[in-house]
Amino acid sequence: MITARAAATFEPVGRSVAAARTFVRDTLQGWGLTDIVDDAVVLTSELVTNAVVHAGTTADVVCIRADTGVRVEVADRYPEREVPLQSNGGHHFGHPDREGGRGLLLCAALAARWGVEYTATQKQVWFQLDFPDRPAGTRAAGPALPSSALPIADSRVRVGVVQVDSGGLISAWNDDAQELFGYQPEQIIGKPLTDLAAWPHTPGTGTGVAEALLLSRWEGSYGIRDADGRVSPVYASHLRIRDAEGEPSTVCLLVRDRERAVLQSPMRGANVDTAETAERGPAADAFEVFIGSPAPDDLDGLLQRTVERARDMLDGDAAYLLLATDDETELEVRASTGLPSARQRFARVPVEAGTGRYGSARMPAVHEDLSAVPGAVPLLVNTGMRSVVTVPLKVEGRLTGSLGVAAESPARYSNEEALRLQFAADRIALAVERARLTELERLRRGSLSFLVEASDLLAGTLDRDQTLALMAQMTVPTLASWCAVYTVADQASEPELSYVLHEDEDRIDGLKALLMKIDPPEQVPTGGARSWSGPYDAAHAAALRTSLRSLSLGDSARPSSGPGASLATASAVGGETVVLPLVARNRVIGMLILGKPTDEHFRQENLELAEDLSRRAALALDNARLYSERTAISQSLQRSLLPPEQPEVPGVEVEVIYRAAGEGNEVGGDFYDLFPIRDGAYGFAIGDVCGTGPEAAAVTGLARHALRLLAREGFGGPAVLERLNAAILDEGARSRFLTLLYGELWPQHDGSAVLKVVCAGHPLPLRLRQDGSVEAAAEPQPLLGVMEDLELYEQTVTLDPGDVLLCVTDGVTERREGTRMLGDDGLIDVLTACTGLTAGAVATRVLRAVERFAAEPPSDDMAILAMRVPEPEPADA
């Protein structure tokens, strides 16, 4: 009969061999099987080496404890029969020094039984080690004592027998009870036993008489008020039974407290020699020895030492310790020994009573047979443990944890063991709480540093995709093994899977494919982590289907791809999975999913840290969304202010270069335009609004649209600018000064071009002739947006073939480095060297000169407009 089982899977890497050895050693030592640990570790090491090194696949190791011994199974995923088979001459394993095959040789030499089993997808090698013979004897006994040390009793020891029915009423009262307390049976039968109890609680245990009557077995002291009104201290032993009709009742045996040795259960412990006992004094309690020795510095070490000493003290097969969460509503598994695996580490169970809950956390409890009360102790389900004693850890009346010791046989523990364990728990509770607070402080310091760094990283970007990547990278592997982020566009939209990350990059594609196939978790706006079983259920269903398909192929057709990928994905999501809502500005904008691999749980501290991170990440993600929306709106509006496609002007080369200052700006205070007015006539403009940014861009849009409208209505240059001046002044407080160069261009049939220009406060246009001379092509006039009455006039300029007209804004001429400025003279020097260049080359050379003039990037808007009348092509000879 199988009494315990432990299993683990190891990846095909060299370090897995050492991990497998540790797993088997810890498992067998936890079961108390130190006699066979060494042989089991050696055999496991060889077989796992064959699997992960020679076969190159994962190795599944299973330890099974039965009545007669331990069976260890090692399975790989390479089902080819490459093991030596038995021949007539017996086993031929080859030379002992050969690289392979030594595992089977050792199995034959060390194991009681061993064998090889095959399936369609794997090969399994197993061996069994039988338990060594142990001498039978008394489990625990009190030492022989001299007559003078024996307890003193009356000449006749009276044992009162009182039976209490399921309602707590006395149903039987024997003669000894009558002698002890002076009540006749007719006076007492039918009354509650609690009415006679003078002390409401047993000293030192906190267990009331009413609660004691509900326990399956209980021992302790309390007082009975006798017929004369005096309180008689008694020692009682309670046992729950069922009467002839099957109704539950309690039999209470009571003696005078000084005669408690008659009923008191013997102390469990190792036998000691009488002489040695006399020299050393009373046997020291194991926890007293522990408290007197230097305790481990770390909390995990202290808890592990505690459960090991608790198991040894009560001669148990397993022990465990749980710590309470801050609100004392849940208990979290923090240490165990003797249990099949560590799969329960950091698992949480509620404190209050109910189905599947830890009902006896706040008071000592003894369960004689867990098979009679399934689920009474969730941690021990399917572990083979039958009896358990649990006691609370309390500090200043506050529940801080629970300590339990379990055994594989039923009826192993009584109230005496509960009292001993409670005494030990009281001694260790304060030390555990101090260590827990120290660890909590360390974790909180680390959490604060983590959150500060996370906040800095999240605040450093307004890009949505980068924010999603940061969210995942900060949680994996610090808080979880894998992470997924769902985003919600609006309240009417379904959650969309936006990002997936796993600590093993090879698992990301499989995990993403799995999450794409299942429905996303339900959107819940309330804070806090909640469990989600969707990935686990889907992954295991897929792995099962894949395995069945693989098995259906039979031995003759080996599948091209076995269930390895599906099993790996199932293992990756097989642990605890939690959902954290991403709530920003009172709206659910997504969900953060965190997961653990098979049989792993989240620590409460990590979940609390993840909640803090999710709130910060949600706000950062929403800020990125808002920034993206507003940037899109801004860019759309700015593009509407730019002129449409530049028209082709017959016989004239035109090149425009425009640079807006400020990050993210496409339009600033400088602007340009080139547009057809009517057949053969084109309008052009270049201007500069006082200031930069959106306010200047607004005036830019007003000026550009007004110029086009007025010019096409037939107004000349001065009239167009006078009406634009009036429109700018009408803007009131939003108005801005505006310098503007406006002109009309007429290409001529002889290859020249006639321009009529008005320069209202703008840098003067420069004319470059073929001989390299440069001159101003207009005279300065008042700028716009200052005075109401303007008297403007236009000037006529003729561009001969080869001539260039260069128009710029002050962002070019006022380019500075320290006290130096490019200025008009510097621009003239640049333009002088552009003889013979095209309009595009002239504009580019001017831009390059501006950029190279200073090391810092330009801080002002800049526009360059170059127009050139090309020279006629020479006639063919």
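Everything here concerns the structure above.
About the cut-offs
- Residues numbered from 1 in each chain as written.
- Predicted model: local features only at pLDDT ≥ 70, side-chain atom pairs only at ≥ 80, totals over all residues.
- Heavy atoms only, no water.
- Salt bridge = Lys/Arg side-chain N within 4 Å of Asp/Glu carboxyl O.
- Buried < 20%, exposed > 50% of the residue type's maximum accessible area, 1.4 Å probe, protein only.
- Helix = DSSP H or I, 4+ residues; strand = E, 2+ residues; numbered from the N terminus.
- Core = buried A, V, L, I, M, F, W, Y, C linked by side-chain atoms within 4.5 Å.
- Contact = heavy atoms within 4.5 Å.
- Pairing = 2+ DSSP bridges.
- Patch = residues over 30% accessible without salt bridge, like charges linked within 9 Å, V, L, I, M, F, W, Y side chains within 5 Å.
- Areas by Shrake-Rupley, 256 points an atom, 1.4 Å probe, with all protein chains shown as cover.
- Phe/Tyr/Trp six-rings, centres within 6.5 Å; stacked < 30°, edge-to-face > 60°.
- Lys NZ or Arg CZ within 6 Å of the ring centre and 35° of its normal.
- Arc of directions from axis to C-beta.
- Lys, Arg positive; Asp, Glu negative; His and termini not counted.
- Charge placed at Lys NZ, Arg CZ, Asp CG, Glu CD.

Participant: Outline the pattern of salt bridges, listing residues and values.
Facilitator: Applying the stated criterion across every chain yields a total of 31 salt bridges. In this structure, the salt-bridge partner of glutamate 73 is arginine 71, at a minimum N-O distance of 2.8 Å. Looking at glutamate 73, the relative accessible area reads 13%, which means it is buried. Where arginine 708 meets aspartate 673, a salt bridge forms, and the shortest distance between an N and an O atom there is 2.8 Å. Taken together, the residues span a long stretch of sequence, with arginine 708 in helix H16 (residues 693-712) and aspartate 673 in strand S23 (residues 670-678) at a distance of 35 residues. The network of salt bridges with shared partners includes Arg585, Arg587, Asp622, Arg625 and Glu629.

Participant: Outline the nonpolar core, listing residues and values.
Facilitator: Counting 48 residues, the largest nonpolar core has Met471, Leu515, Leu582, Leu592, Ile593 and Leu594 as the members making the most contacts within it. No other element matches helix H15 (residues 604-641), which puts 8 residues into this core. Residues within four places of methionine 471 in sequence aside, it is in contact with Leu458, Val485, Leu582, Leu592 and Ala617. Core analysis: the second largest hydrophobic core is formed by 33 residues, Val17, Val52, Ala111 and Phe131 among them.

Participant: Hey, could you go over the pairing of strand S20 (residues 577-584) for me, with residue numbers and the actual values?
Facilitator: When a strand is regular, its side chains alternate between the sheet's two faces. Buried residues dominate S20, accounting for 7 of its 8 residues. As paired strands, strand S19 (residues 530-531) and S20 are joined by 2 bridges and run antiparallel to one another. Paired with serine 531 across the bridge in S20 is valine 578. Relative to strand S21 (residues 587-595), S20 runs antiparallel, the two sharing 8 bridges. Bridging from a neighbouring strand, valine 578 pairs with leucine 594 of S21. Between the antiparallel neighbours S20 and S21 lie 2 residues, among them arginine 585 with a positive phi of about 55°.

Participant: So, a nonpolar patch on the surface: which residues are in play, and what are the values?
Facilitator: A grouping of Phe737, Val786 and Met787 is seen on the molecular surface, where their side chains present a nonpolar patch of about 280 Å² in accessible area. Note on placement: valine 786 falls in the loop between strand S28 (774-776) and strand S29 (795-799). Residue classification places valine 786 among the partly exposed residues on the basis of a relative accessible area of 45%.

Participant: Any details on the packing of aromatic side chains? Residues and values, ideally.
Facilitator: In total, this model carries 4 aromatic pairs according to the counting rule given. Here the aromatic rings of tryptophan 173 and phenylalanine 181 are separated by 6.0 Å at their centres, their planes lie at 50°, and the arrangement is tilted. When its relative accessible area of 8% is taken as the criterion, tryptophan 173 is described as buried. Residue classification places phenylalanine 181 among the buried positions, given a relative accessible area of 4%. Centre to centre, the rings of tryptophan 173 and tyrosine 183 are 6.3 Å apart; their planes meet at 75°, and the pair counts as edge-to-face. Separated by 10 residues along the polypeptide, tryptophan 173 in strand S7 (residues 170-173) and tyrosine 183 in the loop between helix H4 (175-181) and helix H5 (185-188) bring together distant segments of the chain. With respect to burial, tryptophan 173 and tyrosine 183 carry one shared label: buried. Grouped by ring-pair contacts, the aromatic residues Trp173, Phe181 and Tyr183 constitute a single cluster. Its end group placed over the ring of phenylalanine 853, arginine 820 keeps NZ or CZ at 4.3 Å from the ring centre.

Participant: How would you summarise helix H19 (residues 823-832) if you had to cite specific residues and measurements?
Facilitator: All of the buried residues in H19 are Gly823, Gly826, Leu827, Val830 and Leu831. Buried residues in H19, looked at end-on, bunch into an arc of 135°, giving them a common side. Of the exposed residues in H19, the ones pointing more than 90 degrees away from its buried face are Asp824, Asp825 and Asp829. Contact partners of the buried residues in H19: strand S27 (766-768), S28, strand S30 (804-808), helix H18 (810-813), strand S32 (820-821) and helix H20 (839-853).

Participant: Please give an account of a negative patch on the surface that cites residues and values.
Facilitator: The grouping of Asp730, Glu788, Asp789 and Glu791 at the surface amounts to a negative patch. Taking the relative accessible area as the measure of exposure, glutamate 788 reaches 68% and is therefore exposed.

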